[in-house]
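Inside the fold
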Amino acid sequence: MKHLSRLPGFGRLILAGGIAALALTAPARACDACNNLLARRLLGGSSPSAHAAELSALVKNSGWSGADNLLAFAGGAPLQFGTDAGGGGGGGAPTAPAHPFQAVIDRDKKLGMWETSYVVPGTKADKKFNLEMRESDVFIGNGVVYSGFTVNGTIPGPTLVAEEGDVIEMTVVNKGDVPHGVSIHAAYTQTSKYFGKIPAGGTKKLLFRVNHPGVYMYHCAPGGHAIPMHTLLGQYGMLVVKPKTVKFKAEEIIGHKPDVELYIVQHELYANGKDAVEGHAAYVMFNGKLFRYVESPIKVRPGDFVRINFLNVGPNLVSTFHLVGIIWDYAYWQGTPAPENTFRGGQTVTAGPSDSWVVDFRVPPDEGNYLIVTHAFGSTTRGAIGVLAASKDAPRTPPMLADGPAFTDDEIAKHTAAAVRVISPFKPTKDDLENPCTLPAGQKKLRIQIIGNSYWPKVASVPAGTTVEFVNEDLFTFATGEFAGIHDAVTDEAPAGGHFASKMLGHAEKWSVQLTKPGEYKYHCTPHPYMEGIIRVE
């Protein structure tokens, strides 16, 4: 071991926080035993280090002339001394791959296709993005406050814009009280093992390259049942990768970039978990606010070249995106301007949840308002409508991102105090409290469904002696994550002697309790503490 500091090209091995890194120093001769110890045990042999791929890549890319020799030795070849800059001599040992799938990486570079997003750890990032996942409230307009899950405090979260080929360093911080995570649709590489199930207070990072231009969704993905549920509850946003190797057809023909560029996310919110699972949206909107672009129209001039980056987040409803009075010059499926993705003309673009388009068009030489809608008119009546206002010499709307409106805590408090309605998928609100579920006369059994990470009904009023039956209707009870689809009901407050605690319930399992003591029973789900319910016994 006394020779370890003299290993050719290595210097010392630094272990900090479970992350291995190599500090390469001036090469020096070392004994065969030390070379054997480090090269065999760290990079090869029957049980290599968990960081062998990263270590090998760092050695290979270090610029040290003896790197190939050492890597070959780690793979089983005899060690050749005298191959570094200070030792002189030949070497000639075969080069071992710096990555366990180096052959795949080399193959992909020759295919003439966009490469995947994998990059060697330690690669310098071109852009750095930070996402904060939490549970919080937002104001969605028309006097409505929504209590759910957010990214950076808004719904949708921040709009992320990169260029084709950029290396992105994504940092995700969980500032909530339950596990969160992130799925990044623009990343053509493994993400779930890095960003899945980030515990409360935890932080994780991922490095990846965005090689495929397009309009992509990102969303919360803590694993298991919570992946769809946290998306239904509001944690999502748009990531746009601008093309460099291909061009949008309209831009080629017109000869310049758009005069006005817009980023629009269509999405819906739900008043309870049952409606969320069944797709009965309370509200549908563009960019986080009901009728946002009716209140503040998007301003353009007749003749302007306009581009819209459109993403239907869903999470349930299909959109047929349309501008009244406009026919697309070109539409690009998934936002990719490759010829095979490019369509000429069209009155709408049809987008299911997570589908996206870029649409290019010219504003006709006629002043007036051009309505922005989804032609699935049920959604339009629930808030998904805007106005593109064209007038001569109008101050053009600057690039408009898809971020939801941001509010301070004081602003949210004021909106909540003045709200005509507060909705939440998972806890009782004023409407629930004022309109509890009641049983028909003479009936003495109440069934409460646990569905969509919510109790249904959330508030009930029953006579003394009623039997309350809890049944778990969530199906997704496998895979790791935010305690996947398993629930219980445990009282926080109850009349003296009336407290209850159910067993843990998997899908379709039931548990009953007879409530004989008058009063109010407030309860929650142990693995999902944001789930709350109330039973009033008269």
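Conventions adopted
Residues numbered from 1 in each chain as written. Predicted model: local features only at pLDDT ≥ 70, side-chain atom pairs only at ≥ 80, totals over all residues. Heavy atoms only, no water. Helix = DSSP H or I, 4+ residues; strand = E, 2+ residues; numbered from the N terminus. Buried < 20%, exposed > 50% of the residue type's maximum accessible area, 1.4 Å probe, protein only. Contact = heavy atoms within 4.5 Å. Phe/Tyr/Trp six-rings, centres within 6.5 Å; stacked < 30°, edge-to-face > 60°. Lys NZ or Arg CZ within 6 Å of the ring centre and 35° of its normal. Pairing = 2+ DSSP bridges. pLDDT = per-residue confidence, 0-100. Core = buried A, V, L, I, M, F, W, Y, C linked by side-chain atoms within 4.5 Å. Axes fitted to C-alpha atoms, helices over the stretch in contact; angles between N-to-C directions. Salt bridge = Lys/Arg side-chain N within 4 Å of Asp/Glu carboxyl O.

Some points on the overall build of the protein
- The secondary structure content of the protein amounts to 12 helices and 31 strands.
- For the protein, the proportion of its 538 residues judged to be buried stands at 51%.
- Pairs at least 24 apart in sequence give 68% of the contacts found in the protein among residues at least 6 apart.

Digging into the packing of aromatic side chains
- Applying the stated criterion across every chain, the model contains 18 aromatic pairs.
- Look at Phe149 and Tyr530: their rings are 5.1 Å apart centre to centre, the planes differ by 80°, and that puts the pair in the edge-to-face class. Placement of Phe149 in strand E4 (residues 144-151) and of Tyr530 in the loop between strand E30 (519-524) and strand E31 (532-537) is noted, with a sequence separation of 381 residues between them. No difference in accessibility class separates Phe149 from Tyr530, as the two residues are buried.
- Aromatic rings pair up to connect Tyr455, Phe470, Phe500, Trp511, Tyr521 and Tyr523 into one cluster.
- Sitting over the face of the ring of Phe248, Arg307 holds its NZ or CZ atom 3.9 Å from the ring centroid.

As for the environment of Val120
- With respect to the helices and strands, the residue Val120 is situated in the loop between helix H4 (102-109) and strand E3 (127-141).
- When the C-alpha atoms of Val120 and His99 are compared, they prove to be 8.9 Å apart, with 21 residues separating the residues in sequence.

Quick look at the sheet that holds strand E28 (residues 490-493)
- The sheet built from 5 strands is open, its strands ordered E23-E26-E31-E30-E28 with mixed pairing. Each edge of the open sheet is held by one strand with a lone partner, namely strand E23 (437-438) and E28.
- Bridge count between E30 and E31: 6 bridges; the pairing is antiparallel. Paired with Lys522 across the strands is Ile534, a residue of E31.

A closer look at the environment of Gly279
- Structurally, Gly279 can be placed in the loop between helix H8 (273-278) and strand E12 (283-286).
- For Gly279, a relative accessible area of 17% puts it in the buried group.
- Separated by 10 residues in the primary sequence, Gly279 and Leu269 have C-alpha atoms spaced 9.6 Å apart.

Some details on unusual backbone geometry
- Residue Pro315 follows Gly314 across a cis peptide bond; omega there is 10°.
- With respect to the helices and strands, Pro315 occurs in the loop between strand E14 (305-314) and strand E15 (319-323).
- Following Trp456, the chain continues to Pro457 via a peptide bond in cis, the omega torsion being 0°.
- Here Pro457 is to be found in the loop between strand E25 (455-456) and strand E26 (459-462).
- In this structure, Asn152 takes a positive phi of about 55° despite not being glycine.
- Its location among the elements puts Asn152 in the loop between E4 and strand E5 (160-163).
- With phi around 60°, Asp393 is a residue other than glycine that occupies positive phi space.
- A relative accessible area of 56% places Asp393 in the exposed class.

Details of the confidence of the model for the protein
- Per-chain confidence: the protein averages 86 in pLDDT, with 80% of residues scoring 70 or above.
- Note on residues 1-38: pLDDT is under 50 here. Beyond four places in sequence and across chains, it has 74 contacts.
- Every residue in residues 79-93 is under pLDDT 50, and counting partners more than four places away or in other chains gives 31 contacts.

Structural notes on the nonpolar core
- One finds Ile140, Tyr455, Phe470, Phe500 and Ile535 to be the most contacted residues of the largest nonpolar core, which totals 53 residues.
- In contact with Phe470, other than residues within four places in its own chain, are Ile448, Ile450, Tyr455, Ala489, Phe500, Leu505, Glu509, Lys510, Trp511, Tyr523 and Ile535.
- Membership of the second largest hydrophobic core comes to 28 residues, among which are Ile308, Ile372, Ala384 and Ala390.

Thoughts on the sheet that holds strand E20 (residues 368-374)
- On the basis of which strands lie adjacent, the open sheet formed by 5 strands has the order E13-E21-E20-E15-E18 and mixed pairing. Since the sheet does not close on itself, it has two edges, and those belong to strand E13 (298-300) and strand E18 (349-351), each with one partner. Between one strand and the next, the sheet's axes are offset by a mean angle of 20°, whatever the strand orientation.
- Examined bridge by bridge, E15 and E20 share 3 bridges and lie antiparallel to one another. Residue pairing across strands places His322 opposite Val373, the latter belonging to E20.

Remarks on the pattern of salt bridges
- Considering all chains together, one arrives at 20 salt bridges under this definition.
- Here Lys257 makes a salt bridge to Glu251, at a shortest N to O gap of 3.3 Å.
- On the accessibility criterion, Lys257 (61% relative accessible area) is exposed.
- On the basis of relative accessibility, which here comes to 15%, the residue Glu251 falls in the buried class.
- Taking the shortest distance from any N to any O, the salt bridge between Arg307 and Asp360 comes out at 2.8 Å. Highlighted residues: Arg307 in strand E14 and Asp360 in strand E19 (residues 355-362), separated in sequence by 53 residues. Both residues of the pair, Arg307 and Asp360, count as buried.

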